[in-house]
Structures are given as structure tokens and as C-alpha cells.
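Letter by letter, the chains look like this.
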Amino acid sequence: MKNIKRLLAGTVAFVSVFSVTACGKSSGKKDDSSSYVDKVDVASTEDIENIVQDVEPIPEGADGNIKWLSYFDINPSRRVPEKRTDLTLFEEKGGTIEYESCSSIEKYEKLASELMANTPPDMFWYEQKMTFPANCIKEMFQPVDDIVDFDTPLWSDMKGAADQYTLNGMHFVAPIKFGALSVLTYDKDMVEAANLDDPYDLYMDGEWDWDAWYDMMTEYCEGAQGDEVRYGVNGWFAPFIFQSTGKTLIMYDADKDEYVANLNDPDFTRATDLLYNIKKNDMYYNEWIGQASDAFKANILFYAMGSWASIDSHTPQEGDNWGVVPMPKDPNSDTLYTTVDATAYMWVKGSTKKEAMKCWMECARLVNVQEEYIQTEKEKFDETNPYWTDEMYDMAFNEVVSDKYVQLVDPGYGISTALSDDDAATNATLEAIIPYMYTSVMKTDDNGAQFTWTQLRETYSATIDSELKTFNESYHKFIGK
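Attention here is on the structure that accompanies the text. Predicted model, so just to flag it, every value in this text is computed and none were measured. (Residues numbered from 1 in each chain as written. Predicted model: local features only at pLDDT ≥ 70, side-chain atom pairs only at ≥ 80, totals over all residues. Heavy atoms only, no water.)

**Overview of empty space enclosed by the protein**
Move 1: Throughout the structure, instances matching the rule amount to two cavities of 30 Å³ or more.
Move 2: Here the second largest cavity defines a volume of roughly 120 Å³.
Move 3: Of the residues in the lining of the second largest cavity, the class split is 10 nonpolar, four polar and one charged. (1 Å grid on protein atoms, 1.4 Å probe; cavity = no way out; pocket = protein on both sides within 12 Å on 5 of 7 lines; lining within 4 Å. Points joined across faces, edges and corners; volume = space filled by probe spheres on them. Nonpolar A, V, L, I, M, F, W, Y, C, P; charged D, E, K, R; others polar.)

Structure, rendered in C-alpha cells:
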């Protein structure tokens, strides 16, 4: 089944910057024998068809209602009236989803309040920031090993990824699927008018790297005529330049069994030089733009954002000729690295809905592996996005989760409020320290002077070390229970 293999291929290359966790070790010590996950066989057509029959209904007498605390509803709503396929399957198996609303900013506070009151919800949304490991160590969530069997065909392709989300030998996250966090969308007609090479062709030829990207933006901006103002890029791209080196600002040290700062890595000097020069040479448009079409109208060559900003209500219109490519690779590396977005549902600590949660997780996973459902979802996408090409779709949704890439987990987004939680930030840009550091050399001080990487390391290293010390103490206490 080609579609299944394509969608699941990202799992086999999934790698954590803090190494593979050894399951079943009572010490909780992480295994540093390899940072790469062993490849596993993709489920066969026969396996998948058997899975459909093996998703058992919720047993009679068991509570099939899942209380879902979130800032968005899984059930149909006035804004999204169509029922989701995974929900339809779940209801056929005897389950229901009860939605409890909270704000996206105060979601963890709401969850903590309900845990304190001993009235926990059952399910919570996984997010890159703060869910793991920070809020797992705070005992907001419980392991999923009782409801997910990673040795079965349905889950075996996700085991390598799930091993990255273990504490004390227990899995806390069971990824349903992966997706690109951000891609570069561009207008092919703008590229052609500027006599530039198509980025897609460069990518397919293995030439899409920092240098090609920078040179293309330089040539485009320098080609402005008269009073015309051009920009090279807008949006969310800076962290991926760092991460394309295969490293992140916070990493796991297996020898010390703790998380450490990696600010002095020489590869980051190269990454920050690139970002610094993009800003210095006025190629960066730093105001918020919410959709690709508005970026192109503003003479911006590349719009860097998640696919949400280029589909549905933001989708291209008849006559548009857009393209999509992944972030450029590090020219000093032959390996393609990226971080990815994991779709997953957390099992809240104190929930006793084992049967219902098991059924829901299987229904949600099944929709992403069975040919029938994959094709249905693609057809729905094509209906609402008729001017997306297959080329764009593959680049946006399949490429960076394929086995061409080594996918990274960035622990810096899940360490502490100060380091990782943008929602709690009080600085001018409302960014926690780690997200701030990734973009910081493209920022300026109150006098308009652009920050340097050396200056920023000196400013924040002591705070980062202090936060890591506190976190590591809690981490060691948690795994030592």
C-alpha cells in the first residue's frame, strides 16, 4: 500500500536529540547506544485489513464517554459541521466525546485545577511546547502502555517515535501521525519573472541548501525596480535553520542522564550568521502575515508557515501558480534534518476510562493508515483546495515525514515556563527564552542595533543553566520514584 508506506515512512527515521530511551529499565536511564531508531517493517495490506476487524467495541458496562479538555472540539460544530472520520468510527464502537472548553493560553492551568480538585478530564491535546517532558514530570499525564500496544501492526511503525517520549521506561505519547511544522510556499510566476531557478527543481536535484536559498533571495531583492520594495522571506523559519544542522539548543546528555545547554556549538555560529545577514540585508519582512497570498502581494518571495496558512480559507485561487519546498538543508551536511509536528492525545492522570481511551486511540490511528480513509481525506482536501497540485501536496504533507529525513525532537520546547512556554512570556515579543533564542539575531535592541549571537549567549546562558539545573533535579526525582 503505497499511501500507507508514504505516510508512515517518517517513523522509521525518527530520531531524538536526547537519544533513544530504553524501555523497561527501572532506573529510567536513557540508552545512549544509538540516537537513531531501528527501522521497522511497514504494516502490510493484510495487516491493516485485519486491524479494522481487531478494533474492538467498548465493552458493555464500560464507560465509553471521554471527557476532552481542549481549546477545540472534536465533535462537529457550527464552524466545522462535518463529522470527523475518527469520531464516526469511535461512535460506531460505542464511544462519545464530551467537550470541555478552555483557552489555548490557560489550558495547563485549567488542567492543573481539575487535577487538584480530583475531577480530571480523560484526554488532552499533545503540543510540542511544555507537554513533554515538563508536564509529564509534573504528573499531569499517565503512561499509555496500558492502552497502546506498540508491538501490534497498528502501532509498530510508531514504536521508534514513541520511544522518544518515555520516562522511567514508560511511554507517555503515542503519535498518531506526523506533519511538517513549517514549509516555504512561493509563487512560481514571481520566481519565473525574476529569472530565478524554481526552488522545487533545486530541491529535487539535491541543491536546495542555505546558500541556494540566500542567493535566490538576494538576487530577487536586488532586482527591485524604481520605488518597488522586495523581501526574501516572512514567517516561521529560523528554528529550522538551527535544526537543519542536526542539533538543538537544548540536548540530552546520556552520560550525565540530564538535559544540557548546547549554545556554544560551532554549527550554530554558521546558522546565526545566515539569519543575521538575512535581517541585516533587509531581506526579512518581520510583520505578521496570516496567509500566503498576502505575502506575495507584498513582494515577499518565500512565505514560511505551517500548511494551515495556505489551505482552506487561505488556499490558492484559479490562476494562481504556487509551489512548496521544505526548509533548506545545511550545506555542510549530506543528511536532511528537521523537526516535525506530532498529532497525539495525552491520557490524563487519574482518568479511569481505559477501554474508551484504547478504542479512541485505535480509531484515530486507523484513519491514518488504512487506504480507504487516506484516500477519502485526500479527496476532501482536493475538494476544498482545487488549485493545490500533487507536487505541492507531496512537499507539504509527505516529504519531511518520509525516510529521506531524520526527524528531531527538540526538548528545549518542553523544559520550563521560562525556557519553553510562550503563553507565559512577559517580554516584548511574548516568547520564552528558547524560542526567542532561535530568532534573536534577527531582532534589534531599543536603539535599533541588531543582536549578535555572542551577545545573546552571554545574556541568557546563566538563566538557561539555572532553569536546566532545576528541571534536572525534578527529572531525577521523577525517574527515581
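**Thoughts on the sheet that holds strand β13 (residues 336-343)**
In a beta sheet, neighbouring strands are held together by backbone hydrogen bonds and run either parallel or antiparallel to one another.
Move 1: The strand order β6-β13-β15 describes an open sheet built from three strands, whose pairing is mixed. This sheet does not close on itself; its edge strands, each paired only once, are β6 (177-180) and β15 (405-408). The average undirected angle you get between the axes of adjacent strands in this sheet is 55 degrees.
Move 2: Of the pairings in the sheet, the one linking β6 to β13 comprises four bridges and is antiparallel in character. Note on β13: the bridge partner recorded for Ala180 is Val340. (Pairing = 2+ DSSP bridges. Helix = DSSP H or I, 4+ residues; strand = E, 2+ residues; numbered from the N terminus. Axes fitted to C-alpha atoms, helices over the stretch in contact; angles between N-to-C directions.)

**Some details on the side chain of Lys329**
Move 1: Residue placement: Lys329 occurs in the loop between β12 (322-325) and β13.
Move 2: Within the structure, the side chain of Lys329 is placed 2.8 Å from the backbone oxygen of Ser333, a separation counted as a polar contact.
Move 3: Residue contacts for Lys329: discarding those within four places in its chain leaves Gly206, Trp208, Asp209, Trp210, Ser244 and Leu336. (Polar contact = N/O pair within 3.5 Å; in protein donor to acceptor, adjacent residues only side chain to side chain. Contact = heavy atoms within 4.5 Å.)

**Re the layout of surface pockets**
Move 1: Empty space within the second largest pocket amounts to approximately 210 Å³.
Move 2: Broken down by element, the residue count for the lining of the second largest pocket peaks at six residues, all from helix α18 (residues 453-479).
Move 3: Of the residues belonging to the lining of the second largest pocket, the class tally is six nonpolar, four polar and five charged.

**Focus on the packing of aromatic side chains**
Move 1: Counted according to the given criterion, the structure contains 36 aromatic pairs.
Move 2: Look at Phe381 and Tyr393: their rings are 5.0 Å apart centre to centre, the planes differ by 70 degrees, and that puts the pair in the edge-to-face class. One end of the pair, Phe381, is in helix α14 (residues 371-384); the other, Tyr393, is in helix α15 (residues 390-398), and 12 residues separate them in sequence.
Move 3: Its relative accessible area of 16% is what places Tyr393 among the buried residues.
Move 4: The ring of Tyr220 is capped by Arg230, whose NZ or CZ atom sits 4.5 Å from the centre of that ring. (Phe/Tyr/Trp six-rings, centres within 6.5 Å; stacked < 30°, edge-to-face > 60°. Buried < 20%, exposed > 50% of the residue type's maximum accessible area, 1.4 Å probe, protein only. Lys NZ or Arg CZ within 6 Å of the ring centre and 35° of its normal.)

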